[in-house]
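# Reading the structure
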Amino acid sequence: MSAEVWVLGATGRVGRRVAQHVAATGRPVVLVGRDRGRLEALGISGDIRVLEADTPRALAAIAQAGPAVVVNTVGPFLETAGPVLDACPPGTHYVDVGNEPDALQEVLDRHDALAATGRTAVGCAGFGVLGTQAALGAALAGQEGRGVPSRVRIDAIASVAGEEGRLGEALARTIVRGFSEAGTLGREPERVATPDGDSVVTGTLPSGELLAARRLSRTDDVTAASALVPTGVPAGVLRALAPVLATRPVSRVAARALARIRMKATPRPRAHTWARARVGWPDGTTRTAWLRAEEAMDFTVAAATEVALRLAAGEGRPGAFTPVELFGTGLAEVAGAVLIDG
C-alpha cells in the first residue's frame, strides 16, 4: 500500500484546496485530472505528483497503485462513487464530498463488502450532510430515554462565496441531475430566523441530508430543507420541468450549456453558514440545535481534508459511513464549526 492521498478532480474548487491542505501536512498527494497543464498550474507545494488521466485510466491507476486514500470530488457522484470504490483495492479508503441521496446510498450499501476487505468509505463529507447531522446529533444528545423521535426537520443554510470562472462540466451535470429529480423540490417552505438575525426561507431538497438524518434519528418522519432551493412558483416550474430534464438528450444539452457559463466572484450572502435541527418526541418534547460555521465551502474543504487525513492515519474502521457515524459530531467542530443549543 502507498501512503499517498489521491485527489480526483484536483483542478476543481474543492479538489485543489483539499490537495493543498493535505500536502501542507507533509503527506504525499497525487493530483488527478484530465488536463496536465491545469494540474501543474495549481502550483501546490509539497510531495506532489500529477496524473493526467481520463476516468478509465484513473480507475486502473488506483487499482494498481493502492493509495492510502482516494478523495473523490467529481460529480455526479451517483456515476462516480461506485466505479471509484470498485477500483480501490483492499486497504485503500475512500471519501467524497457529494450530497446526492442515491449516491450516498450506493456507498452505504457496500458496508459489508468494504469491511471484509479492510476498507473504509465516507460519503458526503461536506457541509450539507456533516453540518445537518452534527446539529441533529447535538439535538438528540442526552435524550435516549425518550425513544425514537416522532418528527425531525433539518435546515441547511449555506453561505457561499461565488468564485470567478466557468461552472465546469462535472458541477453542471450534478446540478442538472438534481433538477431532473425535482419532484419534492421546494415543498414545505419555512421562514427560518438564524441566531445572527438573518431571515431565510428554506424548502425541501432531495439530498443526502435526508438519508443521513433518517439514519441518525431512526425515524422516517424527516424533512430535509435547504436555503439554496427555490420555493413557491419557481419551485413549481422546476417540478414541472423535471420529467423533461430527466431525458438523456435534454440533460446532456442542458449540462453542456450550463458548464460554459462564466461565474463572477461574489461575496457570501451572510456572515455565517448555519445548520438547524429541530426534533420532536411523542411526549411533546421539542429540542432545537444549531451548527454555525464560516463560509460553507471552507467548511467542506476542512471537513474532507480532516476525514482523508484520519483515514490515511488508520483512525477509521472498516465499512461505509456518514462522517458523523464514523467520527462523531466533534468532526464538525474540528472543521471549524460551533454547536449551539436552542
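In this report, we go over the structure that sits alongside the text. (Residues numbered from 1 in each chain as written. Predicted model: local features only at pLDDT ≥ 70, side-chain atom pairs only at ≥ 80, totals over all residues. Heavy atoms only, no water.)

### Here's the deal with the overall build of the chain
In terms of regular secondary structure, the chain is built from 14 helices and 16 strands. Taking all 342 residues of the chain together, 49% fall into the buried category. Counting contacts in the chain only where the partners sit at least 6 residues apart, residues at least 24 apart contribute 74% of the total. Here the chain displays about 14,500 Å² of accessible surface, and carbon together with sulfur accounts for 52% of that area. (Helix = DSSP H or I, 4+ residues; strand = E, 2+ residues; numbered from the N terminus. Buried < 20%, exposed > 50% of the residue type's maximum accessible area, 1.4 Å probe, protein only. Contact = heavy atoms within 4.5 Å. Areas by Shrake-Rupley, 256 points an atom, 1.4 Å probe, with all protein chains shown as cover.)

### Points about the packing of aromatic side chains
Geometrically, a pair of aromatic rings is defined through the distance of the ring centres and the angle of the planes. Applying the stated criterion across every chain, the model contains 2 aromatic pairs. Between the aromatic rings of phenylalanine 127 and phenylalanine 299, the centroid separation amounts to 6.1 Å while the plane-to-plane angle is 85 degrees, which identifies the pairing as edge-to-face. Of this pair, phenylalanine 127 sits in helix H7 (residues 127-140) while phenylalanine 299 sits in helix H12 (residues 296-312), and the two are 172 residues apart along the sequence. Note on accessibility: phenylalanine 127 and phenylalanine 299 belong to one class, buried. (Phe/Tyr/Trp six-rings, centres within 6.5 Å; stacked < 30°, edge-to-face > 60°.)

### Thoughts on empty space enclosed by the protein
Under the criterion given, the structure shown has 1 cavity of 30 Å³ or more. Of the pockets and cavities examined, the largest cavity occupies roughly 30 Å³. Along the walls of the largest cavity sit Phe77, Asp96, Gly98, Asn99, Glu100, Ala103, Leu104, Gly123 and Cys124, which together make up its complete lining. (1 Å grid on protein atoms, 1.4 Å probe; cavity = no way out; pocket = protein on both sides within 12 Å on 5 of 7 lines; lining within 4 Å. Points joined across faces, edges and corners; volume = space filled by probe spheres on them.)

### Regarding the side chain of glutamate 190
Inspection of the secondary structure puts glutamate 190 in strand E9 (residues 190-193). Separated by 2.8 Å, the side chains of glutamate 190 and arginine 276 make a polar contact. Dropping the residues within four chain positions of it, glutamate 190 is found in contact with Arg153, Val200, Val201, Thr202, Arg276 and Arg278. (Polar contact = N/O pair within 3.5 Å; in protein donor to acceptor, adjacent residues only side chain to side chain.)

### Comments concerning the environment of alanine 125
Mapping alanine 125 onto the fold places it in the loop between strand E6 (120-122) and H7. For alanine 125, a relative accessible area of 0% translates into the label buried. For the pair alanine 125 and glutamate 306, spaced 181 residues apart in the sequence, the C-alpha separation amounts to 9.4 Å. Setting aside its immediate chain neighbours within four residues, alanine 125 contacts Val95, Asp96, Val97, Thr300, Ala303, Ala304, Val307 and Pro323.

### Here we look at the pattern of salt bridges
Scanning the entire structure with this criterion turns up 16 salt bridges. Between aspartate 86 and arginine 110 there is a salt bridge, with its nearest N and O atoms 2.5 Å apart. A residue pair is termed long-range when its members are at least 10 positions apart, and aspartate 86 in helix H4 (residues 77-87) and arginine 110 in the loop between helix H5 (101-108) and helix H6 (111-116) qualify at 24 residues. Two residues, arginine 110 and glutamate 106, come together in a salt bridge whose shortest N-O distance is 2.8 Å. (Salt bridge = Lys/Arg side-chain N within 4 Å of Asp/Glu carboxyl O.)

### Description of the packing of H5 against helix H9 (residues 208-217)
In the contact formed by H5 and H9, the axes pass within 7 Å of each other and the chain directions differ by 50 degrees. Considered as vectors, H5 and H9 are oriented oblique to each other. Here Pro101, Leu104, Gln105 and Leu108 of H5 come into contact with H9, specifically with Gly208, Leu211, Ala212 and Arg215. Residues that form the contact of H5 with H9 fall into these classes: 5 nonpolar, 2 polar and 1 charged. (Axes fitted to C-alpha atoms, helices over the stretch in contact; angles between N-to-C directions. Parallel < 35°, antiparallel > 145°, perpendicular 65-115°, else oblique. Nonpolar A, V, L, I, M, F, W, Y, C, P; charged D, E, K, R; others polar.)

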